[in-house]
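Structural overview
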Amino acid sequence: MTELLGAATSPFPPIADYGFLSDCVTCALVAPNGSVEWLCLPRFDSPSVFGAILDRDAGMFRLAPDGVNVPAARRYLPGTNVLETSWGTRGGWVIVRDVLLIGPWHHEEDRSRTHRRSPTDYDAEHVLLRMLRCVNGEVQVNLDCEPSFDYGLIPARWEYDDDGYHVGEAGGEGTDLKLRLTTSFRIGFEGPRATARTLMKEGDLAFAALSWSPHPGPQDYDDAYTRLVWTAHHWQHWLDHAAFPDHPWRTHLQRSALTLKGLSYAPTGALVAAATTSLPETPGGERNWDYRYTWIRDATFMLWGLYSLGFDWEANDFFYFLTDIAEAEEGRLQIMYGIGGESELAERTLDHLSGYDGARPVRVGNAAYRQDQHDVWGAILDSFYLHTKSRDQLPERVWPILVKQVEAALEHWREPDYGIWEIRGEPKHFTSSKVMCWVAADRGARLAEIRGDLEYAARWQSSADEIKADVLEHALDERGVFCQHYETTALDASVLLMPLVRFLPPEDPRIRGTVLAIADELTDEGLVLRYRTDETDDGLSGREGSFTICSFWLVSAFVEIGELTRARDLCDKLLSYASPLGLYAEEIDPRSGRHLGNFPQAFTHLALINAVMHVIEAEQGAHVGALPLGHELAPRS
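This report concerns the structure included in the present document. (Residues numbered from 1 in each chain as written. Predicted model: local features only at pLDDT ≥ 70, side-chain atom pairs only at ≥ 80, totals over all residues. Heavy atoms only, no water.)

Details of helix α4 (residues 250-262)
- Spanning 13 residues, α4 covers 18 Å between terminal C-alpha atoms, matching the ideal 18 Å at 1.5 Å per step.
- Buried within α4 we find L253, Q254, R255, S256, A257, L258, T259, L260, K261 and G262. (Helix = DSSP H or I, 4+ residues; strand = E, 2+ residues; numbered from the N terminus. Expected span 1.5 Å × (residues − 1). Buried < 20%, exposed > 50% of the residue type's maximum accessible area, 1.4 Å probe, protein only.)

Considerations on helix α6 (residues 312-329)
- The terminal C-alpha atoms of α6 lie 26 Å apart, and with 18 residues this matches the ideal 26 Å at 1.5 Å per residue to within 8%.
- Within the span of α6, buried status applies to E314, A315, D317, F318, F319, F321, L322, T323, I325 and A326.
- The first or second residue beyond α6 is E330, which carries a positive phi of 55°.

Observations regarding the packing of aromatic side chains
- Taken as a whole, this structure holds 22 aromatic pairs when the rule is applied.
- Where Y160 meets F189, the ring centres are 4.5 Å apart and the plane angle is 40°; that geometry is what we call tilted. Remark: F189 occurs in strand β14 (residues 188-190) and Y160 occurs in strand β11 (residues 157-160); sequence separation between them is 29 residues.
- On the basis of relative accessibility, which here comes to 33%, the residue Y160 falls in the partly exposed class.
- Given a relative accessible area of 24%, F189 falls into the partly exposed group.
- Ring pairs connect the aromatic residues F301, W421, F547, W553 and F603, which therefore count as one cluster.
- The ring of F503 is capped by K468, whose NZ or CZ atom sits 5.4 Å from the centre of that ring. (Phe/Tyr/Trp six-rings, centres within 6.5 Å; stacked < 30°, edge-to-face > 60°. Lys NZ or Arg CZ within 6 Å of the ring centre and 35° of its normal.)

Observations concerning the sheet that holds strand β26 (residues 587-588)
- Within the open sheet, the 3 strands sit side by side as β25-β26-β27. Their pairing is antiparallel. Each edge of the open sheet is held by one strand with a lone partner, namely β25 (546-547) and β27 (595-596).
- Relative to β26, β25 is paired through 2 bridges, and the arrangement is antiparallel. When the sheet's bridge partners are listed, S546 is paired in β26 with I588. (Pairing = 2+ DSSP bridges.)

These figures capture arrangement, not role.
Laid out in structure tokens, this is it:
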């Protein structure tokens, strides 16, 4: 009861209550009270200018009726990442629409300094737009814009930038970033805050646009409305390219697809693991990490999700982002990279920030980039394999990169590592790492055979057989269940990937026994834990919630072993835990349903797509009497 009371009186909104905006270069999180509490500029992993999600004094931008904090309703405009909030007051009703604008391609007479992928027809406008319409009565509306640069260290200095009261520019000592606020409100400045208040009457329209690039923001309401419509249509047209099944779960697939697109960095094709840093996995605890980077382990699921839904262009961009990295690294892949391909991700703590609801430390950067994780080679090779199967050809540029990756996996697979969960304890012989080294050798052999290089194919297949034999000898307990690593009988949810990557046939009793053991013994209220923290030396203190990724993996694994009813029931349960706007953080507290960890989490949405498609295709296959083979991550041997 104390915990519930504490949550109710916290000044921080629940993580799941934030709305997510994106222009595919950066993103913003909007609290239910109308406050933008997270915005990093100019890109996802830059320092924040609005950071109130990590400290109530680290900057925010609120636009809402006076004296009201709880909106009547919130939703995304269908098929878009445009957030609409409806407010009811004693005097009337007002609707606010928030969006990070996307517009036509800018660089017609010059070349972009950031884009490495082929230009499209659209580009980020680098503008946060907030539009209001009073639909009934009279409503007093307040605007408060208080940036705080460099994660809350540098207060803003405002000055007017026109002859009236409608344009303000904010900068700060020691930063080159300039913010320009253009609005139909008459603004004034109170120290670091731009503020305005007005009485809106039925039919009144208003806007506020915050821009940070040489590209001008909207200058009046009509211009703002035109740009909002262009952006909304862009998202809807993008979604139209997909092939979503006609199923009650379709909306979950669509929201996950829009979220993944929003978490992609258009200039390079990279995918950020999550929009935020340091949202806690344990309430008030130290399990707080910076997830604004690209993890190689996400690669297979990302490409599978994109290809399975028909987003071939995005899959191609992400594939060549991975290829650029693998080519530069010449075999020794890191587990993660910056969204521009950066390899140095030095971790530091921001001790001046209080952290979300007191969870400290707040970290930027991620020291895990230095860890050895042997799953990376399997992830990259499965990505190459998926891309090749989707194109019916292996690009010539990829072959020498592929050879180096497979050879690196075979050179290191016998060594211990830190595992898929990036433990900060001692390295171990993790089962999932060995399995992914097997994936590297197995997919390499398949690709060599496609290319007609039978010498490589035979040698790599022989190595794959050797790795498999080693796992079967050392990773099973007395029951025939696959364990976390070679020196333990503890369970780990990462072994749920074994049937998905076809390490053994799903009907193999060892696979079936492992899936059922995890379902029965590594769950809390039916939701899957990564591992039990009292059985694993992860170098950290405290408990954590269930990992939603792993629960979705269990759905897919249930389908693989023929437990369709259990798969459907668990999937239904997991979909019911979605945030009010259809988003997911990294973890869910099994007892309260509270979302924990960074938000929104790409890997969770990737696993959702995989699980939902598994169930839908299994149901359709069962209906027509056919085996549900279309959903697999990799073809059966």
